[in-house]
Amino acid sequence: MSLSEIKTRLAKAEAAANRAPGSVTLIAVSKVQPNARVHGVLAEGQRVFGENRVQEAAGKWPDFRAEFGAIQLHLIGPLQTNKLRAALDLFDAIHTLDRPKLARKLATEVQARGTCPQLFIQVNTGEEPQKAGVLPRDADEFIATCRAMDLPISGLMVIPPQDEEPSLHFALLAKIAARNGLKNLSMGMSGDFEKAVAFGATHVRVGSALFGARDYG
Ligand SMILES: *Cc1c(COP(=O)(O)O)cnc(C)c1O
């Protein structure tokens, strides 16, 4: 589906949810996609992208930035502390802050640099053992812990369990955000981004619907 078709769907979802036009940021998830496809979407004007691996992103985005100028990059995959510096060199936003050790190292690094990326805390609303993110019952405390370290938390992020109705997870994320005074919600992917907008998403992460299926072969 073309970028303009996705944008049209997003605009309709905003209108249907009584959200201001343009209030939801479309993050084009370019992980694993061939550079030619990413180049095409850049040429169509998209400037906000998501990647889930630091190394993969470091291999392509410096060149794209050299060619296209300012591009906003969002890290949406798990972050190892040994990749933190590389991540901060590259990304404007991190959606996957999810543990005290990472928060501590991030706080130290942010203080040294004097700049901080936009930060989202990932919440494992499905309580899936294999999935990253803080558990819903630990979220309030973790948000407070981050704030006590002077980390400016911008919002929350969720990846709902694949085989469950996502609405319940979107609603839970919105509820945790509201009671903690957080206004940004990173939720919704190719299959459910319109639904996420209805539940208050401010950032949707759309990959395959925009670029086509990922080929991991
Ligand atoms: C890959 C990925 C997406 C995009 O998924 P699609 O279903 O291709 O839109 C969104 N969010 C995260 C965290 C991802 O890893």
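Peer 1: Where do I start with the packing of aromatic side chains in this structure?
Peer 2: The geometry of an aromatic ring pair comes down to the distance between the two centres and the angle between the two planes. Applying the stated criterion across every chain yields a total of 3 aromatic pairs. For the pair F170 and F199, a centre-to-centre distance of 6.5 Å together with 55 degrees between the ring planes defines the contact as tilted. In this pair, F170 sits in helix α7 (residues 166-179) while F199 sits in the loop between α8 (193-198) and β8 (203-206), placing the two residues 29 residues apart along the sequence. Ring pairs connect the aromatic residues F49, W61 and F64, which therefore count as one cluster.

Peer 1: How should I be thinking about α7 in this particular structure?
Peer 2: Side chains three or four residues apart in an α-helix point the same way, a direct result of the helix having 3.6 residues per turn. Here α7 is 14 residues long and its end C-alpha atoms lie 20 Å apart, about the 20 Å a rise of 1.5 Å per residue gives. Among the residues of α7, those classed as buried are P166, S167, H169, F170, L173, I176 and A177. On the buried face of α7, the contacting elements are α6 (136-148), β6 (153-157), β7 (184-186) and α8. With its phi angle positive at about 70 degrees, G181 sits one or two positions after the end of α7.

Peer 1: Got a minute to help me understand the packing of α6 against α7 in this structure?
Peer 2: The relative placement of two packed helices is expressed as an angle between their axes plus a distance between the axes. The contact between α6 and α7 brings their axes to 10 Å, and the two run at 30 degrees. It follows from the interaxial angle that α6 and α7 lie roughly parallel. Remark: the crossing between α6 and α7 carries right-handed chirality. Contacts between α6 and α7 involve P136, A139, D140 and I143 from the first element and L172, I176 and R179 from the second.

Conventions adopted
Residues numbered from 1 in each chain as written. Predicted model: local features only at pLDDT ≥ 70, side-chain atom pairs only at ≥ 80, totals over all residues. Heavy atoms only, no water. Phe/Tyr/Trp six-rings, centres within 6.5 Å; stacked < 30°, edge-to-face > 60°. Helix = DSSP H or I, 4+ residues; strand = E, 2+ residues; numbered from the N terminus. Expected span 1.5 Å × (residues − 1). Buried < 20%, exposed > 50% of the residue type's maximum accessible area, 1.4 Å probe, protein only. Contact = heavy atoms within 4.5 Å. Axes fitted to C-alpha atoms, helices over the stretch in contact; angles between N-to-C directions. Parallel < 35°, antiparallel > 145°, perpendicular 65-115°, else oblique. Left-handed = near helix turned anticlockwise from the far one by under 90°.

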